[in-house]
Amino acid sequence: METQAFQKIYTKITNITKATCSLNATGVGNEEMAFVHGRKAQVVKIQGEDVTLQVFAGTEGIPTNAEVVFTGKPPTLKVSDELAGRFFDAYGDPMDGGPAIEGEERETGGPSVNPVRRMQPSDYIATGIAGIDLNNSLVTGQKIPFFADPDQPFNQVMATVALRAEADKIILGGMGLTNDDYLYFKNVFDNAGALDRIISFVNTTDNPPVERLLVPDMALAAAEYFAHDKGQKVLVLLTDMTLYSDALSIVSNRMDQIPSKDSMPGSLYSDLAKIYEKAVQFPEGGSITIIAVTTLSGGDITHAVPDNTGYITEGQLFLRKDSDIGKVIVDPFRSLSRLKQLVIGKQTREDHPQVMNAAIRLFADAANAKTKLENGFDLSDYDERAMDFAKSYSDALLAIDVNIDTTQMLETAWGLFDKHFTKAEVAIRQSLTEKYWPEGKK
Amino acid sequence: MKANDKKTNGVVTGIIANLVVVKVDGPVAQNEICYIKLDKSNLMAEVIKITGDKTFVQVFESTRGLKPGAEVEFQGHMLEVTLGPGIVSKNYDGLQNDLDKMDSTFLVRGEYTFPLDKEREWDFEPIAKAGEKVTAGAWLGAVMENRIKHKIMVPFKMADQYTVKSVVKAGKYKIEDTIAVIEDKNGKTFDINMIQKWPVKQAITAFKEKPRPFKVMETGIRAIDSLNPITEGGTGFIPGPFGCGKTVLQHALAKQADADLIIVTACGERANEVVEIFTEFPELVDPRTGDKLYDRTTIVCNTSNMPVAAREASVYTGMTLAEYYRAQGLKVLLLADSTSRWAQALREMSNRLEELPGQDAFPMDLSATIANFYSRAGFVYLNNGETGAITFIGTVSPAGGNLKEPVTESTAKAARCFYALNQERADSKRYPAIDPLDSYSKYLEYPEAQDYLKANVGENWVEKIMEAKNLLLRGKEAKEQINILGDDGVPIDYHIRFWHSELVDFVILQQDAFDEIDSSSSMERQTIMMDKVLNVCHTEFDFESFEEVTPFFKEVINSFRQMNYSEFKSDKYYSFEKEVEAKLSERRTA
Ligand SMILES: Nc1ncnc2c1ncn2[C@@H]1O[C@H](COP(=O)(O)OP(=O)(O)OP(=O)(O)O)[C@@H](O)[C@H]1O
Ligand SMILES: [Mg+2]
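Residues numbered from 1 in each chain as written. Chains lettered and ligands numbered in written order. Predicted model: local features only at pLDDT ≥ 70, side-chain atom pairs only at ≥ 80, totals over all residues. Heavy atoms only, no water.

Please clarify how the domain arrangement of chain B should be interpreted in this entry.
How big an interface is tends to be reported as the loss of accessible area on association of its parts. Domain boundaries assigned for chain B yield domain 1 (9-78), domain 2 (121-194), domain 3 (216-444) and domain 4 (461-587). Taken over C-alpha atoms, the centre of domain 2 of chain B sits 56 Å from the centre of domain 4 of chain B. (Domains from an automatic or database assignment.)

Even after reading the chapter, I still don't get the site of ligand 1, so can you show me in this structure?
If you check the shell around ligand 1, you find 21 residues, and the closest are A:Arg338, B:Lys246, B:Thr247, B:Val248 and B:Arg270. Residue neighbours of ligand 1 fall on chains A and B, so the site bridges chains. Between ligand 1 and the protein, one listed contact pairs an oxygen atom with a side-chain N or O atom of B:Tyr431 at 3.3 Å. Contact with the protein chains covers 95% of the free accessible surface of ligand 1, which is 630 Å². Those elements that place two or more of their residues in the shell around ligand 1 are helix H7 (304-312) of chain A together with helix H2 (246-256) of chain B. The element best represented in the shell around ligand 1 is H2(B), accounting for three residues. In the shell around ligand 1, the residues fall into 10 nonpolar, six polar and five charged. Two domains share the shell around ligand 1, each providing at least three of its residues, namely domain 3 (216-444) and domain 4 (461-587) of chain B. (Near = heavy atom within 4 Å. Polar contact = N/O pair within 3.5 Å; in protein donor to acceptor, adjacent residues only side chain to side chain. Areas by Shrake-Rupley, 256 points an atom, 1.4 Å probe, with all protein chains shown as cover. Helix = DSSP H or I, 4+ residues; strand = E, 2+ residues; numbered from the N terminus. Nonpolar A, V, L, I, M, F, W, Y, C, P; charged D, E, K, R; others polar.)

Explain the environment of A:Thr242 here, please?
All names here are of chain A. Checked against the element boundaries, Thr 242 lands in helix H5 (residues 241-254). Separated by 53 residues in sequence, Thr 242 and Thr 295 have C-alpha atoms that sit 5.9 Å apart. In contact with Thr 242, other than residues within four places in its own chain, are Val 293, Thr 294, Thr 295 and Val 305. Polar side-chain contacts of Thr 242 include one of 2.9 Å to the backbone oxygen of Thr 295. (Contact = heavy atoms within 4.5 Å.)

Is there a simple way to think about the interface of chain A and chain B in this case?
Contact with chain A, which involves 76 residues of that partner, is made by 73 residues of chain B. Here chain A and chain B share an interface that buries about 6100 Å² over both sides, 52% of which is from carbon and sulfur atoms. It is A:Asn30, A:Tyr269 and A:Tyr311 that lose the most area in chain A upon contact with chain B, and together they represent 12% of the buried surface on that side. Seen at the junction of chain A and chain B, the total is five salt bridges. Across the pair B:Asp487 and A:Lys372 runs a salt bridge, and its minimum N-O distance is 2.9 Å. Inspection of the chain A/chain B interface yields 30 residue pairs in polar contact (both at pLDDT 80 or more). Element by element, the count of residues in the side of chain A that touches chain B is highest for H7(A), at six residues. A class-by-class count of the residues in the side of chain A that touches chain B yields 32 nonpolar, 26 polar and 18 charged. (Buried area = accessible area lost by both parts, 1.4 Å probe. Salt bridge = Lys/Arg side-chain N within 4 Å of Asp/Glu carboxyl O.)

Before we go on, may I ask you to explain the nonpolar core in this structure?
In globular proteins that are soluble, nonpolar side chains generally tend to be buried together. Residues and elements named next belong to chain B. Residues Ile 230, Leu 333, Leu 335, Leu 503, Phe 553 and Phe 560 are the most contacted members of the largest nonpolar core, which totals 84 residues. Here this core gets nine residues from one element, more than from any other, and that element is helix H11 (residues 492-509). The residue makeup of this core includes at least three contributed by each of domain 3 (216-444) and domain 4 (461-587). Ignoring any residue separated from it by four or fewer positions in sequence, one finds Leu 333 in contact with Met 217, Leu 253, Ala 257, Ala 259, Leu 261, Ile 262, Ile 263, Thr 391 and Ile 393. Counting 79 residues, the second-largest nonpolar core is a separate cluster that includes Val 134, Tyr 162, Met 319 and Phe 418. (Core = buried A, V, L, I, M, F, W, Y, C linked by side-chain atoms within 4.5 Å. Buried < 20%, exposed > 50% of the residue type's maximum accessible area, 1.4 Å probe, protein only.)

How should the side chain of A:Thr52 be read in this particular structure?
Mapping A:Thr52 onto the fold places it in strand E6 (residues 50-55). If sequence neighbours within four positions are ignored, A:Thr52 has contacts with A:Thr20, A:Cys21, A:Ser22, A:Gln42, A:Val43, A:Val44 and A:Lys45.

Would you mind showing me how to read helix H14 (residues 571-587) of chain B here?
Two residues of an α-helix separated by three or four positions point the same way, owing to the 3.6 residues in each turn. Between its first and last C-alpha, H14(B) extends 25 Å over 17 residues, near the 24 Å set by a 1.5 Å rise per residue. For H14(B), the full list of buried residues reads B:Tyr573, B:Phe576, B:Val580, B:Lys583 and B:Leu584. Buried residues of H14(B) fall within an arc of 100° about the axis and therefore sit on the same side. Among the exposed residues of H14(B), those oriented more than 90 degrees off its buried face are B:Asp571, B:Lys578 and B:Glu586. Where H14(B) is buried, its residues touch helix H12 (430-436) of chain A together with helix H12 (523-538) and helix H13 (546-565) of chain B. (Expected span 1.5 Å × (residues − 1). Arc of directions from axis to C-beta.)

Help me understand the sheet that holds strand E16 (residues 189-192) of chain B, please; the structure alone is not making it clear to me.
Neighbouring strands of a sheet are bound in pairs by backbone hydrogen bonds; such pairs are parallel or else antiparallel. All names here are of chain B. Read across the sheet, four strands follow the order E10-E13-E15-E16 without closing on themselves; strand pairing throughout is antiparallel. This sheet does not close on itself; its edge strands, each paired only once, are strand E10 (133-134) and E16. As judged from the four bridges shared by strand E15 (residues 180-183) and E16, these two strands associate in the antiparallel manner. Paired with Val 181 across the two strands is Asp 191, which belongs to E16. (Pairing = 2+ DSSP bridges.)

Any chance you could explain the state of the cysteines here in plain terms?
A covalent bond between the sulfur atoms of two cysteines is what we call a disulfide. All names here are of chain B. On inspection of all chains with the given rule, the structure shows zero disulfides over all chains. Distance from the sulfur of Cys 267, which forms no disulfide, to the nearest cysteine sulfur (Cys 301) is 11 Å. Using a relative accessible area of 0% as the deciding quantity, one classes Cys 267 as buried. Cys 244 provides the cysteine sulfur closest to Cys 417, a residue in no disulfide bond, and the two sulfurs are 20 Å apart. Since its relative accessible area comes to 0%, Cys 417 is described here as buried. (Disulfide = S-S within 2.5 Å.)

Help me understand the pattern of salt bridges, please; the structure alone is not making it clear to me.
It is possible for side chains of opposite charge to pair when their charged atoms get near one another. Residues and elements named next belong to chain B. Evaluated as defined, the whole model comprises 60 salt bridges over all chains. For Lys 331, the salt bridge goes to Asp 258, with nearest N and O atoms at 3.6 Å. Placement of Lys 331 in strand E23 (residues 331-337) and of Asp 258 in the loop between H2 and strand E21 (261-267) is noted, with a sequence separation of 73 residues between them. For Asp 258, a relative accessible area of 23% translates into the label partly exposed. A salt bridge links Asp 531 to Lys 464; the nearest nitrogen and oxygen atoms lie 2.9 Å apart. Of this pair, Asp 531 sits in helix H12 while Lys 464 sits in helix H10 (residues 461-485), and the two are 67 residues apart along the sequence. Its relative accessible area of 35% is what places Asp 531 among the partly exposed residues. Here Lys 464 falls in the partly exposed class, since its relative accessible area comes to 23%. Here the residues in one salt-bridge network are Glu 218, Glu 232, Asp 258, Arg 288 and Lys 331, joined through shared partners.

So what exactly am I meant to see when it comes to the packing of aromatic side chains here?
A ring pair, where both rings are aromatic, is described by two values, the distance of the centres and the angle of the planes. Within the structure shown, the criterion is met by 47 aromatic pairs over all chains. Seen from their ring centres, A:Phe56 and A:Tyr91 are 6.4 Å apart, and the 75° between their planes marks the pair as edge-to-face. Residue A:Phe56 is found in the loop between E6 and strand E7 (68-70), and its partner A:Tyr91 is found in the loop between strand E9 (87-88) and strand E10 (104-107); the two are separated by 35 residues along the sequence. A residue is classified by how much of its surface remains accessible, and A:Phe56, at 1% relative accessible area, is buried. Residue A:Tyr91 is classed as buried on the basis of its relative accessible area, which comes to 14%. Between B:Phe156 and B:Tyr324, the aromatic rings sit 6.3 Å apart at their centres with planes inclined by 85°, giving edge-to-face as the arrangement. One end of the pair, B:Phe156, is in the loop between strand E12 (148-153) and strand E13 (162-167); the other, B:Tyr324, is in helix H4 (residues 309-326), and 168 residues separate them in sequence. The exposure classification of B:Phe156 matches that of B:Tyr324, with both residues buried. (Phe/Tyr/Trp six-rings, centres within 6.5 Å; stacked < 30°, edge-to-face > 60°.)

How should the domain arrangement of chain A be read in this particular structure?
When its domains are assigned, chain A resolves into domain 1 (9-70), domain 2 (76-107 + 140-313) and domain 3 (352-441). Taking the mean C-alpha position of each, domain 1 of chain A and domain 3 of chain A sit 61 Å from one another.

What exactly am I supposed to notice about the packing of helix H6 (residues 268-276) of chain A against H7(A) here?
The description of two packed helices rests on the angle between their axes and on the distance between the axes. All names here are of chain A. Contact geometry for H6 and H7: axes closest at 9 Å, N-to-C directions at 50°. In terms of axis orientation, H6 runs oblique to H7. Crossing hand, H6 versus H7: right-handed. Between H6, through Leu 268, Tyr 269, Leu 272, Ala 273 and Tyr 276, and H7, the contact on the second element is made entirely by Ala 304, Val 305, Asn 308, Thr 309, Tyr 311 and Ile 312. Across the contact of H6 with H7, the residue classes tally to nine nonpolar, two polar and no charged. (Axes fitted to C-alpha atoms, helices over the stretch in contact; angles between N-to-C directions. Parallel < 35°, antiparallel > 145°, perpendicular 65-115°, else oblique. Left-handed = near helix turned anticlockwise from the far one by under 90°.)

What is the right way to look at the environment of A:Val28 in this model?
Inspection of the secondary structure puts A:Val28 in the loop between strand E3 (20-24) and strand E4 (33-36). Owing to a relative accessible area of 2%, A:Val28 belongs among the buried residues under this scheme. With 260 residues separating them in the primary sequence, A:Val28 and A:Ile288 have C-alpha atoms 34 Å apart. When residues no more than four places from it in sequence are discounted, the contact partners of A:Val28 are A:Val43, A:Ile46, A:Val51, A:Phe70, B:Leu66, B:Lys67 and B:Pro68.

What follows is the structure in structure tokens.
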């Protein structure tokens with residue numbers, strides 16, 4: 001840290017909790033950054049001359065006579081093209097042994113885009129994974145999380161999506177990432193020859209949890225530089241937002257705030273929305289697309305973190321193991337992409353919306369038949385066929401190891417309809433059935 | 001509001017997020033607006049609590065960088081909106097700043113823009129004549145704002161009776177030009193122009209009477225019109241877990257509902273959803289008038305990333321704009337998505353003020369706040385005998401999708417229509433996911449609304465609605481029995497009953513909001529489909545076994561749905577109608 005001549009140095013801390021400390025100081029601004037005993041801290045409360053600072057690395061070992069230096073600045077990141085290919089910690093300092101970044105110093109967590117200066121997201125992102133492309137198509141400028149239990153391969157799927165998405169930059173915001181997962185991302189991107197397109201801001205499980213709070217703002221400040229200033233298509237990966245929220249709750253508890261549901265702060269919705277709403281399509285062509293991970297505990301989506309996230313994001317991708325085929329699938333019932341209707345049937349083939357809906361409806365019929373079977377009832381012929389269909393559909397389209405183009409997905413679906421059902425059972429608009437129903441039957 | 005004319009000043013002494021403590025040098029009023037100086041900008045804030053010499057204000061902007069000692073200037077008035085021609089088709093933020101007048105891509109803290117256009121000329125027509133006695137809200141003249149005949153009124157703040165001295169001749173005027181002079185009983189004269197201001201948290205009550213609403217408002221949405229209709233001036237709410245279709249339903253209402261003006265308040269929701277409106281509405285045509293939908297739409301938005309304190313203001317801003325147009329004798333539809341975000345904003349502030357929390361840490365007076373807000377909607381007779389209405393429909397986003405939570409419960413007490421979105425229906429893509437059994441419209445019980453439906457839709461329309469609801473209920477009961485006893489453990493009749501309910505569900509309830517044709521259904525079309533569906537349910541069919549029931553009804557439903565997807569009364573429509581007829585004849589009991 002560099003101390004400058006005009007900076008006042010304080011050495012009398014009056015209060016210390018696990019995450020915060022307070023002192024008497026004047027001329028301090030709200031949300032200003034400071035150093036406490038050499039650790040980065042931020043002003044969170046000012047009452048007269050009593051200033052409370054949140055110390056990101058925790059307060060262990062901080063003495064009451066520790067040196068406190070205020071920087072006079074909110075959190076910032078130096079932005080320039082030099083960011084590309086680099087790995088940083090939560091404070092934006094290089095952790096790859098490389099030199100510090102030269103560039104314009106920008107505030108992180110800055111103001112939002114004027115809604116009237118946004119453009120409607122409109123570019124289809126093909127990932128090859130039918131569970132996403134066919135049923136939950138992604139669009140540039142969208143924000144969408146994976147909802148998954150910790151044992152699901154969400155980081156793998158996310159890395160695959162990132163690499164296939166044809167983004168100009170991929171920005172990884174890792175929060176509470178295990179070192180193994182961090183190395184996994186590094187390797188995958190390296191093997192794909194994509195390292196020069198990647199920028200990482202990582203807080204691993206080795207680092208103090210409260211530091212995580214800085215990661216999304218850092219990642220998104222870099223994203224705004226490339227998307228807004230440079231007109232690039234930027235994909236931001238945030239994993240794991242549940243661990244981010246845990247850090248929020250640690251801080252709010254230390255500050256004696258009244259917790260709301262699941263001991264999360266009452267402002268959780270606004271806190272998460274501020275991050276996710278950075279996703280944007282600019283009229284000039286640049287975009288920020290956010291793909292996040294929200295881990296669940298025992299699949300419970302009513303917990304405050306997934307619940308608030310669901311209310312903010314434009315859908316969610318739900319991973320689950322399908323025991324019938326022994327593979328992880330993108331669950332068509334709980335998954336949703338809210339922006340899909342902007343592109344499906346427009347940038348993809350016209351039959352896309354109806355095929356998607358029909359297949360899911362038939363998959364639901366199979367689920368009902370399965371319940372019937374479990375309850376000990378006889379299955380009708382239709383039930384049997386629906387269950388057969390469900391298996392093939394799951395294997396050929398929903399499984400996360402699928403990699404085909406969108407038209408092939410539609411053809412595959414029509415093939416399955418033809419194999420298992422009549423046209424009336426599939427109930428797709430006649431003009432489409434006439435055109436796309438495979439030849440040779442009914 | 002204060003006797004004293006001198007402006008009160010103060011200095012900042014404390015900052016906790018957007019709650020700022022100010023030490024003042026004179027009188028301040030609860031809810032008074034002040035500006036806090038920060039660098040070159042002024043941050044707008046509202047007084048929310050006063051204890052001794054500490055005045056607590058909530059700042060409508062980020063307080064980053066604000067320091068104790070910053071100067072504060074109090075304004076002597078509450079949060080107000082500026083009313084006048086030019087509101088329609090505007091995109092406002094929650095404080096009524098015109099977003100299009102801001103040049104930069106990113107919102108600039110402390111940038112406030114005038115909500116109307118001072119340079120624009122309007123074609124003014126006088127209405128009042130010299131010598132007439134007038135009170136607040138009386139129509140002095142009118143200008144054409146798109147298709148809306150925008151009345152220029154005696155300002156709502158003018159509490160006495162006045163005599164019109166003069167009204168200008170027909171011609172082109174700007175909003176700041178004087179268009180009339182009126183005189184109070186002491187002979188004091190007032191120049192009236194086209195602008196007036198009104199504090200958003202107070203209701204505009206320049207009307208004679210607010211009877212129970214009775215005129216049914218056509219929405220084009222079958223699950224509403226054909227099952228739980230809402231009235232002009234009615235209130236309704238749409239609770240539902242995330243992703244179940246609240247916003248899609250509200251947008252459908254904004255596109256199709258029969259109203260003169262639609263005010264869409266995007267309160268703490270996604271910016272992209274607002275973008276959708278101002279991208280699509282300028283292209284879409286209002287089927288009733290042939291004009292562009294945007295010509296009758298105003299957006300008030302405080303999206304979830306915009307400052308939280310302004311979120312509360314946004315719903316009040318929307319309501320006050322609606323009241324202004326209702327006083328002009330118009331039918332306004334006000335939509336707010338989502339009122340839960342507003343309640344959360346109240347909660348955040350109440351927590352920072354360290355108030356005693358109520359259930360789920362919401363403020364104790366949440367219920368009263370919500371009830372008070374809904375009570376501002378309604379159908380009114382104006383003092384000149386004309387009518388106006390504000391229909392208000394809000395969404396509610398219950399935590400965890402559980403309706404037993406304070407915002408849903410408080411809203412249920414205040415709103416008369418309940419459109420409950422159901423997760424299971426949404427999961428199985430039965431859109432709109434309105435639960436047909438839990439949802440209700442209290443207006444169906446109003447004799448005056450029943451009379452209106454009899455006279456305007458059909459003699460037995462209410463009975464038909466009730467019958468359709470009953471079919472849905474009986475179908476559900478039958479389904480439960482089938483699930484317990486098995487397909488062959490129940491009489492065939494149970495299967496038929498179940499499929500009757502599926503018929504109502506698929507043909508009437510379900511409606512594809514993204515299909516060009518199906519998305520909107522005229523009342524004539526709805527009554528025809530209702531008759532057809534009920535007719536099938538009244539018909540006896542021959543079935544050998546339960547296994548024949550399902551395929552038969554599936555085919556009938558499929559043909560009916562093709563009808564729904566075809567242009568009304570087109571050749572295709574008639575050909576599918578024939579198809580239905582043919583299928584029915586095959587099995588009809590002789
Ligand atoms: N009537 C409908 N027809 C077709 N699809 C629909 C319909 N209603 C909802 N959907 C689908 O459901 C998705 C979610 O709907 P919507 O955005 O309205 O949910 P919401 O209840 O507003 O969620 P949130 O609380 O998170 O804002 C839509 O993007 C669309 O795919
Ligand atoms: Mg919504």
